[in-house]
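This is what each chain is made of:
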Amino acid sequence: MSCIISPSLLSADFGNLERDIEMINDSRADWFHLDIMDGVFVPNISYGFPVIKSIAKHARKPLDAHLMIVDPDRYVSRFAEMGVEYLSVHYEACTHLHRTVQNIHGNGMKAGVAINPHTSVVLLENIICDCDFVLLMSVNPGFGGQSFIDNSVNKVKQLAELIKSRGADCFIEVDGGVSANNIKRLYDAGATAFVAGSSVFSAENPAAAIVDMKKECGF
Ligand code: DX5
Ligand code: ZN
């Protein structure tokens, strides 16, 4: 088991982005989580390629990009060019999800399938052996700083069972409202990667908040 912490830069101070990136570089965090929103799939717009390019220039840890956009296939190769290693697309946004996963792999990246809080994990049974990870949303996508939806713990358990029953080589990443207060329950349920935005960047000591989450899981 592992306990990957992927701080979401959506909650960083964009006026001091380099400073916040260096903080993550120097911390015990594992990845950088990049939230890409198009104002169509979700009711918010975040940032695009010029900002991602700046992030990639300074980040010394893997980039984990979460696309909350319609028709993500149009941009898959661009994310690979930016140096993204983990790319997740939404189940709800992809008509030909299997093809999109193949496209991500064809561009040399790990493929993740993200699911909204209302989406049942059983819907993943025919894609679970093809993707590298599932990004299980524990808030409705679109904004940082929302409250954790408690049913997500049950969904992690169901997903862990599905992965096991299919013999899939797939890990579970949880995204939304994750903090030292709930990470242990998610870890015990079978998740091994965690996105944390506000619980890191709103903390008085962000690096210590990352350490606290790792400690909760025994790392
Ligand atoms: C929500 C994003 C999340 C979010 C996490 O749409 O996908 O990654 O930024 O932020 P917190 O941890 O504050 O919920
Ligand atoms: Zn995200």
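Computed from a predicted model, the values in this text were never measured in an experiment.

1. Quick word on the sheet that holds strand β6 (residues 133-137)
- The eight strands lie next to each other as β1-β8-β7-β6-β5-β4-β3-β2, forming an open sheet whose pairing is parallel. Taken across any chain shown, the strands that pair with only one partner, and hence form the sheet edges, are β1 (4-7) and β2 (32-37). Strand-to-strand twist across the sheet, computed as the mean angle between neighbouring axes with direction ignored, equals 25°.
- In this structure, strand β3 (residues 63-68) lies alongside strand β4 (residues 86-90), joined through four bridges in parallel fashion. Looking across to β4, one finds that A65 is bridged to L87.
- Against the sheet, helix α4 (residues 97-106) makes contact with β4 and β5 (110-115), and its axis sits at roughly 145° relative to β5, the strand it touches most.

2. Considering the coordination of the zinc ion (ligand 2)
- Within the protein, the zinc ion (ligand 2) binds to H33 (NE2), D35 (OD), H66 (ND1) and D175 (OD); these donor distances fall in the range 2.1 to 2.3 Å.
- Summarised as a motif, the one-chain spacing of the donors to the zinc ion (ligand 2) is H-x1-D-x30-H-x108-D. One end of the pair, H33, is in strand β2; the other, D175, is in strand β7 (residues 171-175), with 142 residues separating them in the sequence. For the pair shown, H33 and D175 are each scored as buried.

3. Notes on the environment of V200
- With respect to the helices and strands, V200 occurs in helix α7 (residues 198-201).
- Taking C-alpha positions, V200 is 8.3 Å from S11, a pair spaced 189 residues apart along the chain.
- Once residues within four sequence positions are removed from consideration, V200 is found in contact with M23, P206, A209, I210 and M213.

Reading guide: rules and limits
- Residues numbered from 1 in each chain as written.
- Chains lettered and ligands numbered in written order.
- Predicted model: local features only at pLDDT ≥ 70, side-chain atom pairs only at ≥ 80, totals over all residues.
- Heavy atoms only, no water.
- Pairing = 2+ DSSP bridges.
- Helix = DSSP H or I, 4+ residues; strand = E, 2+ residues; numbered from the N terminus.
- Axes fitted to C-alpha atoms, helices over the stretch in contact; angles between N-to-C directions.
- Contact = heavy atoms within 4.5 Å.
- Donors = N, O, S within 2.8 Å, 3.2 Å for Na, K, Ca; no water.
- Buried < 20%, exposed > 50% of the residue type's maximum accessible area, 1.4 Å probe, protein only.

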